[in-house]
Amino acid sequence: MVSRRRFLQGLAAFTALGSSVSTLPTFAAPAKKTALADAVSRHVDVFVGTGGHGHTFPGPTMPFGMMQLGPDTNDSQWDGSSGYHQGDGSIMGFSHTHLSGTGAADMLDVLVVPAMGPVLLQPGDRDYDGVNYTSRYDGVHAGKGAAPKGYKTGIKGYRSHYTGEQARPGYYCVQLTDSHVLAELTATERAGIHRYTFQQSGEAHLLVDFQHGFHDDPKTPTRVTDAELKLIGNDTLVGGRRVHQWANGRHIYFAMKVSRPFKRGTLYSDDKALADGSAQANGTNLKAALFYDRLDDAPLLVKVGISGVDVEGALRNLSAEIPAWDFDGVQAAAEAAWEKELARIRIESTDDNVTRTFYSALYHTMLAPTLFSDVDGRYRGMDMKVHQLPKGEHNYSTYSLWDTYRAEHPLFTLYQPERVPDIVNGLVRMAQESPAGPPVWPLQGIETVCMIGYHSAVVIAEAQAKGFTGIDYAAAWPVFRKRAMEDDYFGLPEYRKRGYIPSDVEGEAVSKTLEYAYDDWVMSHYAEQLGHHDDAVALKARSQNYRNVFDKTMNFVRPRGSDGTWLEPFDPTAIGHSKKWRDFTESNAWQATFLNQHDVYSYMKLFGSSDKFEKKLDELFTTDAELPADAPPDIAGMVGQFAFGNEPAHHMPYLYAYTGAHYKTQARVRMLLETMYRAEPDGLPGNEDCGQMSAWYVMSAMGLYAVDPVSTHYVFGSPLLDRAQMQLPGGKQLVVQTQGNGKGRPYIQSVTWNGKPWTKSWISHAELTAGGTLLFVMGDKPNTAFGASPADRPPSYGKSASEQVG
């Protein structure tokens with residue numbers, strides 16, 4: 001199994017390097033103030049998560065766009081996973097594909113480097129050495145240095161953490177001090193446009209580094225095969241390649257046009273100029289340089305379209321989406337698109353940090369999944385073949401399903417309902433096309449087989465349970481049933497045979513047993529809805545296999561051997577019982593003990609009682625936070641042994657609702673909202689993971705969380721906002737409002753739904769999407785009676801709490 005997390009520690013941030021500042025001509029002022037400057041998008045800080053271990057990128061894209069254009073500050077090691085890190089001191093150039101918040105990495109395709117003087121073919125490293133093409137950028141580290149003349153700092157609606165770098169949704173600009181270039185970027189769904197203002201006279205060029213891409217080992221370049229570059233006339237460069245990184249063997253193609261004809265173009269193979277001046281190059285390490293006598297008299301515009309199908313698709317995407325040389329028009333359209341999507345949820349808060357954090361989080365939920373089909377409906381499938389979509393449908397990529405099934409996809413069913421059929425049908429197609437079976441972590445037509453379980457089943461079954469139409473649920477069922485019942489897939493034969501996976505046979509066996517049990521629960525819903533009753537009964541019974549790795553004498557899940565014995569030594573903070581492999585996936589026994597999402601009341605009985613379960617849950621948050629030396633960096637955001645910085649923990653604060661101590665959920669959730677998130681580069685508790693970390697904030701700030709997404713229920717938390725108004729289909733609205741809210745007032749005193757008292761600590765998806773007003777009255781002291789009665793606790797395992805709590 002390919003591990004999602006490359007356990008390579010990020011390099012320490014480099015010391016800031018001083019730089020002089022060039023004077024800009026008056027036409028170089030970036031980003032005109034638009035009519036959207038006072039809209040909700042002004043609250044978004046695209047730099048959130050670009051520091052620490054958030055692994056986000058700040059470049060321009062569209063909501064769910066394929067084109068994710070932006071600056072690359074590094075192309076290797078863990079904290080360079082997105083290609084950008086706030087602590088780096090230089091910029092290599094601007095590439096057209098990025099991942100947002102992942103712990104494993106790929107992408108960074110088609111690097112464009114604006115430069116002057118002789119062509120430099122090597123990037124160097126983050127510590128600028130002056131002899132390679134990497135450039136420092138103005139004001140790095142706390143904004144040292146004055147802004148260039150004509151450079152508008154502090155533009156309303158633009159977030160900037162450095163004097164020379166500013167961005168907002170759909171727009172990015174930076175002053176490259178060593179290159180003497182002001183770079184501006186904006187994007188459409190499948191294309192991007194650059195605007196370069198050269199500030200010195202003399203020979204200038206664009207370097208296109210087509211070997212550039214993410215690579216794990218800093219000393220080993222990205223493995224590329226089947227690369228081709230071709231010059232067409234004096235204004236176009238096209239190319240394609242296969243990349244063998246995380247998504248091993250993916251195809252990417254591009255078409256680039258420039259607004260001013262280049263004097264000459266030179267192609268390079270293995271860093272040697274082609275001797276015959278050829279207009280076409282094939283190989284593995286290709287670059288191109290486009291030369292100009294001067295570019296300081298007017299900006300140079302560069303348009304780039306991309307495709308997973310072929311060069312013709314890239315050209316078609318480019319001509320369809322950016323037909324003219326209108327940078328400002330593209331930027332305005334991108335801003336309008338972001339405003340439309342962000343304004344689906346309008347909030348009120350007296351705390352500006354809360355507002356900025358909320359909208360920055362909402363923005364990040366729309367950076368994945370990403371569009372992966374051309375304007376003509378063609379796309380490259382998981383079988384590597386080119387397919388044609390029915391008119392009006394779209395194909396997507398970049399599904400971080402082990403993470404996003406928990407909160408991001410439930411959030412989509414509320415505020416992006418018209419997009420859900422497209423996203424789910426994409427998973428259905430992948431299941432049918434892929435030789436690897438049900439999607440696990442698909443990226444640009446490749447199954448990375450990253451992380452455990454097969455949680456695409458959750459996303460499909462959730463949409464089915466919530467009544468979404470236009471999805472071919474039956475088409476994918478045979479593939480998913482085969483996975484559950486027949487496939488020899490990472491311990492599943494042992495799981496089917498024994499009811500658990502032995503930790504002396506398979507790595508990460510405890511976590512796999514628990515997550516297969518949840519997938520069985522999900523699959524039982526899927527089967528029942530399709531009329532496969534016998535399968536549904538068998539899968540539901542199998543979903544209680546979590547019992548087989550629970551040691552009642554210790555009240556922990558723990559590794560078990562093939563002979564049925566508990567394996568020693570056992571330390572609940574340890575990652576595994578031996579040096580051979582881990583027993584848990586990015587967790588330990590403390591965290592894995594509370595993974596159960598679907599059968600909570602039966603699980604409590606294994607502890608001896610609901611009270612004992614609650615006490616153990618208390619201990620999760622209060623036990624010493626020390627971790628062993630071999631713990632992966634993903635186990636982060638520690639509160640005791642609770643690891644909020646990693647997704648399996650996200651539902652755990654909500655489990656108090658099932659014990660009747662909902663006030664403890666309120667206290668824990670409010671503490672996490674207030675301490676784990678900030679509107680700053682280092683403002684996330686761990687990897688962003690394609691929107692899941694942000695989706696938890698968005699949902700929880702509104703007071704809602706889907707502990708078990710296929711149940712279609714949301715458990716209440718502690719709403720942080722004064723008011724949230726969400727657009728729903730048919731002109732309906734969902735309003736979540738609070739009274740008496742504020743610092744030190746996390747406790748729910750009472751709730752009304754559409755003006756009527758509501759005593760339950762949960763509410764259904766059907767009720768919320770019918771529209772209405774959910775009013776929380778908050779206070780500084782817990783109302784221990786709220787949600788305490790079994791009649792008011794959340795359902796679990798398809799039954800009410802009253803039926804299960806004795």
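Residues numbered from 1 in each chain as written. Predicted model: local features only at pLDDT ≥ 70, side-chain atom pairs only at ≥ 80, totals over all residues. Heavy atoms only, no water.

Draft legend 1. Expanded view of the overall build of the protein. Each helix and strand counted, the protein has 19 helices and 38 strands in total. Since a compact globule built from 806 residues should have a radius of gyration of about 28 Å, the 26 Å found for the protein is in line with a globular shape. By its C-alpha atoms, the protein is 85 × 55 × 50 Å across when sized along the principal axes. Relative to its full complement of 806 residues, the protein shows a buried share of 66%. In the protein, the share of contacts with a sequence separation of at least 24, taken over all contacts with a separation of at least 6, comes to 71%. Just so you have it, the protein exposes about 25600 Å², and 50% of that area is on carbon and sulfur atoms. Here the protein carries 76 positive and 92 negative side-chain charges, and the mean point of each set is 3 Å from the other. (Helix = DSSP H or I, 4+ residues; strand = E, 2+ residues; numbered from the N terminus. Rg over C-alpha atoms; globule rule 2.2 N^0.38 Å. Buried < 20%, exposed > 50% of the residue type's maximum accessible area, 1.4 Å probe, protein only. Contact = heavy atoms within 4.5 Å. Areas by Shrake-Rupley, 256 points an atom, 1.4 Å probe, with all protein chains shown as cover. Lys, Arg positive; Asp, Glu negative; His and termini not counted. Charge placed at Lys NZ, Arg CZ, Asp CG, Glu CD.)

Draft legend 2. Representation of the environment of Gly 240. Within the fold, Gly 240 resides in strand 13 (residues 236-244). Spatially, the C-alpha atoms of Gly 240 and Val 522 are 40 Å apart, while their sequence positions differ by 282 residues. In contact with Gly 240, not counting residues within four places along its chain, are Phe 210, Asp 226, Ala 227, Glu 228, Ile 252 and Tyr 253.

Draft legend 3. How the structure looks around the packing of aromatic side chains. This structure, assessed with the given rule, holds 34 aromatic pairs. Taken together, a centroid distance of 5.1 Å and an interplanar angle of 85° make the contact between Phe 607 and Phe 613 edge-to-face. By relative accessible area, Phe 613 is classed as buried at 1%. It is Arg 429 that lies over the ring of Tyr 379; its NZ or CZ is 5.6 Å from the centre. A cation over a ring is seen here: Lys 616 above Phe 556, with NZ or CZ 3.6 Å from the ring centre. (Phe/Tyr/Trp six-rings, centres within 6.5 Å; stacked < 30°, edge-to-face > 60°. Lys NZ or Arg CZ within 6 Å of the ring centre and 35° of its normal.)

Draft legend 4. Seen up close, the sheet that holds strand 31 (residues 704-705). If you walk across this open sheet you meet the 3 strands as 31-32-37, and the pairing is antiparallel. Of all the strands in the sheet, the pair left with one neighbour each is strand 31 and strand 37 (762-764). Sheet analysis places strand 31 next to strand 32 (residues 713-716), joined by 2 bridges and oriented antiparallel. Bridge pairing in strand 32 places Tyr 705 opposite Val 715. (Pairing = 2+ DSSP bridges.)

Draft legend 5. The pattern of salt bridges, seen in detail. One pass over the structure, following the stated rule, counts 36 salt bridges. Here Arg 356 makes a salt bridge to Asp 352, at a shortest N to O gap of 3.0 Å. Taken together, the residues span about one helical turn, with Arg 356 and Asp 352 both in helix 3 (residues 352-364) at a distance of 4 residues. Asp 780 is paired through a salt bridge with Lys 781; the nearest N and O atoms lie 3.8 Å apart. Among the residues examined, Asp 780 registers a relative accessible area of 42% and is labelled partly exposed. Within this structure, Asp 106, Asp 109, Arg 241 and Arg 250 form a network of salt bridges that share partners. (Salt bridge = Lys/Arg side-chain N within 4 Å of Asp/Glu carboxyl O.)

Draft legend 6. Quick peek at helix 7 (residues 456-465). With 9 of 10 residues buried, helix 7 is to be regarded as a mostly interior element. Looking only at helix 7, the buried set comprises Ser 456, Ala 457, Val 458, Val 459, Ile 460, Ala 461, Glu 462, Ala 463 and Gln 464. In the core, the buried residues of helix 7 are packed alongside helix 4 (401-404), helix 5 (408-415), helix 6 (420-433), helix 8 (473-485) and helix 10 (509-529). At the exit of helix 7 stands Gly 467, carrying a positive phi of roughly 85°.

Draft legend 7. Fine view of the side chain of Arg 419. In this fold, Arg 419 is placed in the loop between helix 5 and helix 6. As a buried residue without a salt bridge, Arg 419 has its nearest oppositely charged side chain in Glu 341, at a separation of 4.0 Å. The contacts of Arg 419, once residues within four sequence positions are left out, are Phe 64, Glu 341 and Tyr 396.

Draft legend 8. Representation of unusual backbone geometry within the structure. The linkage connecting Ala 368 with the following residue, Pro 369, adopts the cis geometry, with an omega of -5°. Structurally, the position occupied by Pro 369 is in the loop between helix 3 and strand 21 (370-371). Residue Pro 569 follows Glu 568 across a cis peptide bond; omega there is -5°. As for its placement among the helices and strands, Pro 569 is situated in the loop between strand 28 (556-557) and helix 12 (589-592).

Draft legend 9. Spotlight on the nonpolar core. Ranked by size, the top nonpolar core spans 192 residues in total, and within it Phe 358 and Phe 716 carry the most contacts. Sort the elements by how many residues they give to this core and helix 10 lands first, with 11 residues. Residues contacting Phe 358, with those up to four places away along its chain left out, are Ile 345, Ile 347, Tyr 697, Val 698, Ala 701, Met 702 and Leu 721. Among the nonpolar cores identified, the runner-up in size contains 14 residues, and Ala 247, Cys 450, Ile 452 and Cys 690 belong to it. (Core = buried A, V, L, I, M, F, W, Y, C linked by side-chain atoms within 4.5 Å.)

Draft legend 10. View of the pairing of strand 18 (residues 286-292). Counting buried positions along strand 18 yields 7 of 7 residues, so the element is predominantly enclosed. Residues of strand 18 alternate between two faces, with Leu 286, Ala 288, Leu 290 and Tyr 292 on one and Lys 287, Ala 289 and Phe 291 on the opposite face, all of them buried. When strand 11 (residues 204-209) meets strand 18, the two strands line up antiparallel, connected through 6 bridges. Within strand 18, the residue paired with Leu 207 across the bridge is Ala 289. Where strand 15 (residues 264-269) lies against strand 18, 6 bridges are found, and the strand directions are antiparallel.

Draft legend 11. Examining the sheet that holds strand 35 (residues 747-753) more closely. Strand order in the open sheet made by the 6 strands is 20-33-34-38-35-36, with mixed pairing throughout. With partners counted over all chains shown, the strands left at the sheet margins are strand 20 (345-348) and strand 36 (756-757), one partner each. Two strands pair when backbone bridges link them, and strand 34 (residues 733-739) and strand 38 (residues 772-779) are joined in this way by 6 bridges, in the parallel orientation. Looking at the pairing, Thr 738 lines up with Phe 776 of strand 38.

Draft legend 12. Structural context of the pairing of strand 9 (residues 181-187). The buried fraction of strand 9 is high, at 7 of 7 residues. Burial along strand 9 is two-sided: Val 181, Ala 183, Leu 185 and Ala 187 and Leu 182, Glu 184 and Thr 186, pointing in opposite directions, are all buried. Where strand 8 (residues 171-176) lies against strand 9, 5 bridges are found, and the strand directions are antiparallel. Looking at strand 9, one finds that Tyr 172 is bridged to Leu 185.

Draft legend 13. Representation of the confidence of the model for the protein. When the pLDDT values of the protein are averaged, the result is 92; 92% of them are 70 or greater. Note on residues 1-33: pLDDT is under 50 here. Beyond four places in sequence and across chains, it has 111 contacts. Confidence drops under a pLDDT of 50 for residues 139-156, and excluding neighbours within four residues, the segment shows 58 contacts in the predicted structure. (pLDDT = per-residue confidence, 0-100.)

Draft legend 14. Structural context of the state of the cysteines. All told, the structure shown has 0 disulfides when counted by the stated rule. Considering cysteine sulfurs only, Cys 450 is the nearest to Cys 690, which forms no disulfide, with 10 Å between them. (Disulfide = S-S within 2.5 Å.)

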